[in-house]
Amino acid sequence: MDIRVSNRLAQLPPYLFVEIDRKKREAIARGVDIINLGIGDPDRPTPSFIIEALKSAAEKPSNHRYPESEGLLSFREAVAEWYKNRFGVGLDPRKEIISLIGAKEGIGHLPLALVNPGEVVLIPDPAYPVYQAGTIFAGAQPFFMPLLRENGFLPDLDAIPSDVAARARLMFLNYPNNPTGAVASREYFQKVVEFALRHNIIVAHDNTYSEITYDGYQPTSFLSVEGAREVGIEFHSLSKTFNMTGWRIGFVAGRAEVVDALRSLKSNLDSGAFQAVQDAGVVALANAAAVVQENSKVYQERRDILVGGLRKMGLDVEFPRATFYVWPAVPSGHTSASFVSSLIEQAGVVCTPGNGFGRSGEGYVRMALTESADRLREAVERIGNMLSCVA
Ligand SMILES: *Cc1c(COP(=O)(O)O)cnc(C)c1O
């Protein structure tokens, strides 16, 4: 019997990392000591007070039963409290917040809850790949908004054709941004709200990186901008903020009808996040400030080593103000793919080609600050040797 996959699965863009994965495996087989800057997954452990909270919550028999897909009220209340303290946004935990099994889960499912086949979803390019995957799974049509350096890696809303805007139901945005490290101002968010109101488009802002910031920069919440709570929702995750990627816990907040549509969809697909993880999440959110400060300090030192080192050797790269990503332009004569290949083969450094996040990422690579300061110093030295050999 032949097995074929659905068109929607076959329609996903090709996996661009096959060649890179092969080169990485070959280098490892040759005994190369690989420095992996390819993965957006914190290397440091979850703070121990959160682990302790999970341990005691795991002992409670009430946590062994099915959760509700919208999450524990106590978790949603902790989210509301955190939002109020952190962003000055007051949310109703009963109507405007639900838990997610990681932000990825909510993002991937959102188009299924909101968008009909043939309708358009506006997606940044380059971007976190799940916006596109969720759109394709819903039978909707992605329209890519290029993130260009000359626009500060923000979509140019005026460049969206009016017939596309008319058919668009949903727009994904993500600031602080993966993969570019760019940030958005309140003024930009204000323009997004006006655009969304004019064209009747729901905005889904992904604020996963709001707590990994440098030089005192404080990202805002999209929901804190006037009118945003009418047009949009915001995704958040405990993954990056608390080094909890493996725990699978996140949440979404904003316009009640949109949150409820996702809740309704989810209630047919999953039964929510393990309640003990939610209990631990409550403890994490209540003690966020100290963790956030410590994390950002660690990443800032790493950022300064990597970006400072790359700039010294003449690479064209900015110091990001947030996220743990660095987004250098490739040296002239290189494509994203050829530079990534050289880095693996000549320096033993793995990073991600920018075009793996979309066509407009060509000409860049993404490096994640998820290795120690010492390993990043080593990476800088090896890349420096590699580039001076070529020159
Ligand atoms: C890591 C990441 C997520 C996913 O977070 P989870 O809560 O672990 O699913 C979502 N959006 C962006 C942009 C990310 O980088």
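Residues numbered from 1 in each chain as written. Predicted model: local features only at pLDDT ≥ 70, side-chain atom pairs only at ≥ 80, totals over all residues. Heavy atoms only, no water.

1. Here's the deal with the pattern of salt bridges
A complete count under the given rule lists 21 salt bridges for this structure. Close ionic contact of R22 with E26 constitutes a salt bridge, the shortest N to O distance being 2.6 Å. Taken together, the positions of R22 and E26, both in helix α2 (residues 18–29) and 4 residues apart, correspond to about one turn of that helix. When the shortest N-O distance is used, the salt bridge between R303 and D215 registers 3.1 Å. Within this pair, whereas R303 is found in helix α13 (residues 288–312), its partner D215 is found in the loop between β6 (202–206) and α9 (228–231), the two being separated by 88 residues in sequence. (Salt bridge = Lys/Arg side-chain N within 4 Å of Asp/Glu carboxyl O. Helix = DSSP H or I, 4+ residues; strand = E, 2+ residues; numbered from the N terminus.)

2. A few points about the site of the ligand
Around the ligand, the surrounding shell holds 15 residues, and the nearest of these are A103, D206, S237, S239 and K240. Coverage of the ligand by the protein amounts to 94% of the 390 Å² it exposes when considered alone. Elements that contribute at least two residues to the shell around the ligand include exactly α5 (103–114) and α10 (238–241). Here the shell around the ligand takes 3 residues from α5, the largest share from any one element. Looking at the shell around the ligand, its residues break down into 5 nonpolar, 6 polar and 4 charged. (Near = heavy atom within 4 Å. Areas by Shrake-Rupley, 256 points an atom, 1.4 Å probe, with all protein chains shown as cover. Nonpolar A, V, L, I, M, F, W, Y, C, P; charged D, E, K, R; others polar.)

3. Examining the domain arrangement of the chain
Segmentation of the chain into domains returns domain 1 (7–45 + 290–390) and domain 2 (60–287). The C-alpha-based centres of domain 1 and domain 2 are spaced at 26 Å. With 37 residues of domain 1 at the interface, the matching set in domain 2 holds 32 residues. Approximately 3,100 Å² of surface area, both sides summed, lies buried where domain 1 meets domain 2, with 55% of it carried by carbon and sulfur atoms. Counting every contact that joins domain 1 to domain 2 gives 3 salt bridges. A salt bridge links R149 to E318; its shortest N-O distance comes to 3.8 Å. Here domain 1 is connected to domain 2 by 18 residue pairs in polar contact (both at pLDDT 80 or more). Residue assignment for the side of domain 1 that touches domain 2 shows that the elements contributing at least two residues are α1 (7–10) and α13. With 8 residues, the top contributor of residues to the side of domain 1 that touches domain 2 is α13. Its residues placed into classes, the side of domain 1 that touches domain 2 shows 18 nonpolar, 10 polar and 9 charged. (Domains from an automatic or database assignment. Contact = heavy atoms within 4.5 Å. Buried area = accessible area lost by both parts, 1.4 Å probe. Polar contact = N/O pair within 3.5 Å; in protein donor to acceptor, adjacent residues only side chain to side chain.)

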